[in-house]
Amino acid sequence: MTFKHRIAVVLSTICLPWFVQAKDWQVQMLNYGDAGSMVFEPSYIHAQIGDTVTFVPTQSGHNAKSYVVPRDTKAWTSPINESYTLALQHEGVHLYYCPPHLMMGMIGVIQVGKANNLDTIESKYPRLRSKIALSPERADQIVANIQQ
Ligand SMILES: [Cu+2]
């Protein structure tokens, strides 16, 4: 092993834990955000297995409830006006909404790795969309972020 190799091994050993560290994503629940009124911000996240997502009650009157979850994942609901952390343990897409503001299109998507349950999203999203009275197009754009 050359000196350069040895340096590379030492550097990769030091740096690797930093690169593979799981991330905690913060999702603000807002009465008004960049995309308009009643929004999750960011409304789309592309995370990896092992990451967590924390819903932050920045403004009051909101919560988050799953509508579609990845395979082998339990449905989840965050308490209203409280911080809630969701552990992402399985690959796939979470489609969720704020029950008090679904009518106003307050929905969000968390993609964990690959979208291996896209067929379920495609079959169930129209029913969720039918309950959105205000600007369902904004919700369509959020769902359209999902990467195959
Ligand atoms: Cu809300």
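Just above, that's the structure.
Note that this is a predicted model, so its numbers are computed, not measured.

A.B. asks: What should I look at first to understand the pattern of salt bridges in this one?
C.D. replies: According to the stated counting rule, one finds one salt bridge in the structure shown. Residues R129 and D140 are paired through a salt bridge, measuring 2.7 Å at the closest nitrogen-oxygen approach. With R129 in helix α2 (residues 118-129) and D140 in helix α3 (residues 136-144), this residue pair connects regions lying 11 residues apart in the sequence. The class of D140 is partly exposed, set by a relative accessible area of 26%.

A.B. asks: Please explain α2 as it appears in this structure.
C.D. replies: The periodicity of an α-helix, 3.6 residues per turn, causes residues three or four positions apart to be oriented the same way. Over its 12 residues, α2 extends 16 Å from the first C-alpha to the last, a length consistent with the 16 Å expected when each residue adds 1.5 Å. Inspection of α2 places L118, I121, Y125 and L128 among the buried residues, and these make up the whole buried set. Along the axis of α2, the buried positions cluster into a sector of 70°, meaning they face one direction only. Counted as exposed and oriented over 90 degrees from the buried face of α2: S123 and R127.

The rules behind the values
- Residues numbered from 1 in each chain as written.
- Predicted model: local features only at pLDDT ≥ 70, side-chain atom pairs only at ≥ 80, totals over all residues.
- Heavy atoms only, no water.
- Salt bridge = Lys/Arg side-chain N within 4 Å of Asp/Glu carboxyl O.
- Helix = DSSP H or I, 4+ residues; strand = E, 2+ residues; numbered from the N terminus.
- Buried < 20%, exposed > 50% of the residue type's maximum accessible area, 1.4 Å probe, protein only.
- Expected span 1.5 Å × (residues − 1).
- Arc of directions from axis to C-beta.

Everything listed is a geometric property; what it means functionally is a separate question.
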